[in-house]
Amino acid sequence: MGSWSDFRRDRILVAGQWVSADNGGVLDVIDPATGESIGTVPNAGVAETGRAIEAASAAFETFSRTTAAERAKMLRDLSTAILDNQDALAELLTREQGKPLAEAKGEVGMSAAYILWFAEEARRVYGDTIPSPWGDRRIMVTKSPVGVVGAITPWNFPSSMLARKIGPALAAGCTVVAKPASQTPYSALAWGVLAEQVGIPAGVINILTGSAREIGGELTSNPLVRKITFTGSTGVGKLLLKQAAATVKKVSMELGGNAPFLIFDDADLDRAVAGAVAAKFRMPDRHASAQTDFMSRPGSTTASLKPSRTPPKSWSSAPGSSKVQLSARSSTMQPLPRLRNSSATPSGKARVVTGGKRHPKGDRFYEATVLADANATMNFAHDEIFGPIAPVFKFETEDEAVRLANDTEFGLAAYFYTQDPGRAFRVSERLQYGLVGINEGMITTEVAPFGGFKESGVGKEGSKYGLDDYLDVKYVCVGGLGL
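Residues numbered from 1 in each chain as written. Predicted model: local features only at pLDDT ≥ 70, side-chain atom pairs only at ≥ 80, totals over all residues. Heavy atoms only, no water.

J.: Is there a simple way to think about the packing of helix α2 (residues 68-84) against helix α4 (residues 101-121) in this case?
T.: Any two packed helices are characterised by how steeply their axes cross, that is the angle between the axes, and by the distance between the axes. Between α2 and α4, whose axes approach to 8 Å, the crossing angle comes to 165 degrees. In terms of orientation, α2 and α4 fall into the roughly antiparallel class. Crossing hand, α2 versus α4: left-handed. Note on element contacts: α4 touches α2 through Val108, Gly109, Ala112, Ile115, Leu116, Phe118 and Ala119, opposite Ala72, Leu75, Arg76, Leu78, Ser79, Ile82 and Leu83. Across the contact of α2 with α4, the residue classes break down as eleven nonpolar, two polar and one charged. (Axes fitted to C-alpha atoms, helices over the stretch in contact; angles between N-to-C directions. Helix = DSSP H or I, 4+ residues; strand = E, 2+ residues; numbered from the N terminus. Parallel < 35°, antiparallel > 145°, perpendicular 65-115°, else oblique. Left-handed = near helix turned anticlockwise from the far one by under 90°. Contact = heavy atoms within 4.5 Å. Nonpolar A, V, L, I, M, F, W, Y, C, P; charged D, E, K, R; others polar.)

Right, here's the structure in full:
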């Protein structure tokens, strides 16, 4: 096992070579907790992206013909290498992204889990035979890798988001050109180091850092790229969809969300509060509750959340006794440069129950904030907020709760708490969301499909469904059999 510095690279990976940007330009990578630079990466553009695409296309000619068993072994070896270096990779992730070390370690572990899952799925890409309407012909359906994949990932989960894309791509037999967020490039570049260690052929994985506009523009316009997979904002996703349309690429998009968290009057309130703190202050969005005494609980719990580089001890389910310690770029204690819509609460309308200001730790931290008296006219009822803000809305009936929850263009994830089995089925079936958690605030797993409805995206990641977007379905009719 190495140290985090063993996996930090200040070059991009193209065709198996670590190279600088053509113009020598670099981008600073900033520690979000201190504001200090922890290194630089190349500021690549169109030319470097074109060469990476050409390398991936050349590698595809041979990699696509490897057997499923061969690709499965590569991915198993990659999963093992990730776990063997979990501590080092987690420290690298924390240094550039800022989340607590324990949470970073969990993300790295999840990355390994996704890779292992798709190692297993590589050998389960089944076709069909279809009964022929012609006596002397036979009909077969086969699946083949789509080709070169352009993968664009965000800053919030810089390792696991890439695992969700590299895993199915390689399992299917595709090659990859990856563009991580400029704020968190090192965790992505580390995938190149790991790929080299386990013997994945040169050109199969290429990793670029630099101009999002130039790299994204080339990935979406170059006809050699046959699929774009993107995780990020709905606005950028729409732009990429438009750009990819010119060459009719396959696309999968995990876009913005504004997740409702509903607590009905028959809910287990202690369980609901624990789930709300875990879900809403890790990736906070909307909250709605029918409970009259709910407001007295999350405030005391969130008040104990402290920014720190120290790994959290546990997620406590006891209200008011959570000992979680959170650092700068975790969604719970978001650094101010990333706190979008921080002025989304109209003055004099919503009431601050707890938080609502910069943390005493420093100007780069913001307190976990609970707001009361929220209503549907406020910006945070509709906008995605990457910040530690949990507005609380009240509802009276089940129908009203569902209507409020669905009143958004987003449809990524929703959560609700109830002890009524009938309500569990009624509400889950009516919620217009790709993921629904019932009495659970943390539901992501590699074995289940992750993806949204409406403007939260298209396609699924993880599970057996996560491989489909990387495959083309081919119909083969065999005639002249003389039967």
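J.: How do you make sense of the environment of Leu75 when you look at a structure like this?
T.: For Leu75, the position within the fold is in helix α2. Put simply, Leu75 and Trp117 are 42 residues apart on the chain and 9.0 Å apart in space, counted from C-alpha to C-alpha. Among all residues touching Leu75, those that are not within four sequence positions of it are Ile115, Phe118, Ala119, Gly167, Leu170 and Ala171.

J.: When you look at the environment of Pro42 in this model, what are you seeing that I'm missing?
T.: Among the structural elements, Pro42 can be located in strand β4 (residues 37-42). Judged by its relative accessible area of 3%, Pro42 is buried. For the pair Pro42 and Ala21, spaced 21 residues apart in sequence, the C-alpha to C-alpha distance is 5.2 Å. In this view, Pro42 contacts Asp10, Arg11, Ile12, Val19, Ser20, Ala21, Gly25, Val26, Leu27, Thr209 and Gly210; residues no more than four positions away in its chain are not counted. (Buried < 20%, exposed > 50% of the residue type's maximum accessible area, 1.4 Å probe, protein only.)

J.: Looking at this structure, I do not really get helix α11 (residues 398-406). What am I missing?
T.: Given 3.6 residues per turn, any residue in an α-helix points the same way as the ones three and four places further on. Those residues of α11 that fall on the buried side of the exposure criterion are Glu398, Ala401, Val402, Leu404, Ala405 and Asn406. Next to the buried residues of α11 lie β12 (261-263), β18 (389-394) and α12 (421-430).

J.: Can you walk me through unusual backbone geometry in this structure?
T.: Among all residues except glycine, the phi angle is most often negative; among peptide bonds, the trans geometry is most common. We note that Ala15 has phi near 55 degrees; this positive angle belongs to a residue other than glycine. The backbone of Ser463 shows a phi angle near 65 degrees, a positive value even though the residue is not glycine.

J.: Which parts of the structure should I look at to understand helix α3 (residues 86-97)?
T.: Between the first and last C-alpha of α3 there are 16 Å, a value that for twelve residues agrees with the 16 Å anticipated at 1.5 Å per step. Of all twelve residues in α3, nine are buried, a share of seventy percent or more. The set of residues buried in α3 consists of Gln86, Ala88, Leu89, Ala90, Leu92, Leu93, Thr94, Glu96 and Gln97. Among the structural elements, β3 (26-30), β4, α2, α4 and α6 (186-198) are those in contact with the buried residues of α3. In the segment just after α3, Gly98 is the residue with positive phi, at about 100 degrees. (Expected span 1.5 Å × (residues − 1).)

J.: I keep staring at the packing of α2 against α6 and nothing clicks. Help me out?
T.: For the pair α2 and α6, the least separation of the axes is 9 Å and the interaxial angle reads 120 degrees. The angle between the axes of α2 and α6 places the two elements in the oblique class. Crossing geometry of α2 relative to α6 is assigned as right-handed. Each of Met74, Asp77, Leu78, Ala81 and Ile82 in α2 lies in contact with α6, whose residues at this interface are Trp191, Leu194, Ala195 and Val198. Looking at the contact of α2 with α6 residue by residue, the class counts come to eight nonpolar, no polar and one charged.

J.: Before we go on, may I ask you to explain the side chain of Thr229 in this structure?
T.: With respect to the secondary-structure elements, Thr229 resides in strand β10 (residues 225-231). Exposure remark for Thr229: the relative accessible area of 0% places this residue in the buried category. Looking at Thr229, its side chain comes within polar contact range of the side chain of Ser252, at 3.2 Å. Other than its neighbours up to four places away in sequence, Thr229 contacts Val149, Gly150, Ala151, Ile152, Lys165, Ser252, Glu461 and Tyr470. (Polar contact = N/O pair within 3.5 Å; in protein donor to acceptor, adjacent residues only side chain to side chain.)

J.: Quick question: what am I supposed to make of the nonpolar core here?
T.: Generally speaking, nonpolar side chains in soluble globular proteins are found buried as a group. Counting 57 residues, the largest nonpolar core has Phe7, Leu78, Ile82, Leu170, Trp191, Ile200 and Ile205 as its most contacted members. No other element matches α6, which puts nine residues into this core. Of all hydrophobic cores here, the second largest spans 18 residues; its members include Ala52, Val177, Leu240 and Leu255. (Core = buried A, V, L, I, M, F, W, Y, C linked by side-chain atoms within 4.5 Å.)

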